[in-house]
Amino acid sequence: RIKIVHLNPKALQKQVNVMFNSMEKEWTNITSHTGVEGFYVAVHGDIKHFHEAKIFCTHKAQSFVKEVLNLDPKCFALKFESWVTRDFGAWS
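Residues numbered from 1 in each chain as written. Predicted model: local features only at pLDDT ≥ 70, side-chain atom pairs only at ≥ 80, totals over all residues. Heavy atoms only, no water.

Novice: What is the right way to look at the overall build of the protein in this model?
Specialist: The number of helices and strands found in the protein is four helices and two strands. Across the protein, helices and strands are ordered from the amino to the carboxyl terminus as α-α-β-β-α-α. Expressed as a percentage of the 92 residues in the protein, the buried residues total 23%. For the protein, the proportion of contacts with a sequence separation of at least 24, taken over those separated by at least 6, is 45%. (Helix = DSSP H or I, 4+ residues; strand = E, 2+ residues; numbered from the N terminus. Buried < 20%, exposed > 50% of the residue type's maximum accessible area, 1.4 Å probe, protein only. Contact = heavy atoms within 4.5 Å.)

Written out as structure tokens, the structure reads:
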């Protein structure tokens, strides 16, 4: 399966997007039923992957990122991704 991923990156990107759309729906369902506030950021730990960083924020979490961290949520995800891809090799 790994060889297929390398040969067909568009198919992998499509699969990743479908999975994250599903996760976003699940997270929205969880937050609406429990009142939990939060966010998730998903990045790849390798520069060989060309998928964009994914972020989902509840309203309060988005406000936190904007007001406390002074970042746009997408910029926050990109900064987090750059930290992961830069330093991940040092920890593995």
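From this point on, the discussion continues.
Novice: Is there a simple way to explain the side chain of Thr31 in this structure?
Specialist: Its location among the elements puts Thr31 in helix H2 (residues 9-34). Those residues in contact with Thr31, other than ones at most four positions away along the chain, are Val36 and Thr58.

Novice: How should the environment of Cys75 be read in this particular structure?
Specialist: Tracing the backbone shows Cys75 in helix H4 (residues 73-91). For Cys75, a relative accessible area of 38% puts it in the partly exposed group. Along the sequence, Cys75 and Ala53 sit 22 residues apart, while their C-alpha atoms lie 9.6 Å from each other.

Novice: What should I look at first to understand the layout of surface pockets in this one?
Specialist: A probe matching the size of a water molecule, rolled over the atoms, marks out where space remains unfilled. By volume, the second largest pocket is sized at about 150 Å³. Looking at the second largest pocket, the residues that line it are Asn17, Phe20, Asn21, Glu24, Tyr40, Glu52, Ala53, Lys54, Ile55, Phe56 and Lys74. Counting residues per element, the ones that place at least two in the lining of the second largest pocket are H2 and strand E2 (54-57). The element contributing the most residues to the lining of the second largest pocket is H2, with four residues. (1 Å grid on protein atoms, 1.4 Å probe; cavity = no way out; pocket = protein on both sides within 12 Å on 5 of 7 lines; lining within 4 Å. Points joined across faces, edges and corners; volume = space filled by probe spheres on them.)

Novice: Help me out: how do you make sense of unusual backbone geometry in this one?
Specialist: What is expected of a backbone is that most residues other than glycine have negative phi and most peptide bonds are trans. For Asn70, which is not glycine, the phi torsion reads 55° and is therefore positive. By secondary structure assignment, the location of Asn70 is in the loop between helix H3 (59-67) and H4. You can call Asn70 exposed: its relative accessible area is 62%.

Novice: Help me out: how do you make sense of the confidence of the model for the protein in this one?
Specialist: Interpretation of the predicted coordinates at a detailed level should be avoided for regions scoring low in pLDDT. Here the protein shows a mean pLDDT of 76. Residues at 70 or above account for 73%. Here helix H1 (residues 2-7) stands out as the least confident element of the protein, with mean pLDDT 53; H3 is the most confident, with 88. (pLDDT = per-residue confidence, 0-100.)

Novice: I tried to follow the pairing of strand E1 (residues 39-42) on my own but got confused; where do I start?
Specialist: The two faces of a sheet get side chains in turn, since along a regular strand they alternate between them. The alternating pattern of E1 places Tyr40 and Ala42 on a buried face and Phe39 and Val41 on a face that is not buried. The pairing of E1 with E2 spans four bridges and is classified as antiparallel. Its bridge partner lying in E2, Val41 is registered against Ile55. (Pairing = 2+ DSSP bridges.)

Novice: I tried to follow the nonpolar core on my own but got confused; where do I start?
Specialist: Nonpolar side chains in soluble globular proteins generally cluster together in the buried interior. Core analysis: the largest hydrophobic core is formed by six residues, namely Leu12, Val16, Phe20, Tyr40, Ala42 and Phe56. Of all the secondary-structure elements, those providing two or more residues to this core are H2 and E1. In terms of residues, this core owes the most to one element, H2, which gives three residues. (Core = buried A, V, L, I, M, F, W, Y, C linked by side-chain atoms within 4.5 Å.)

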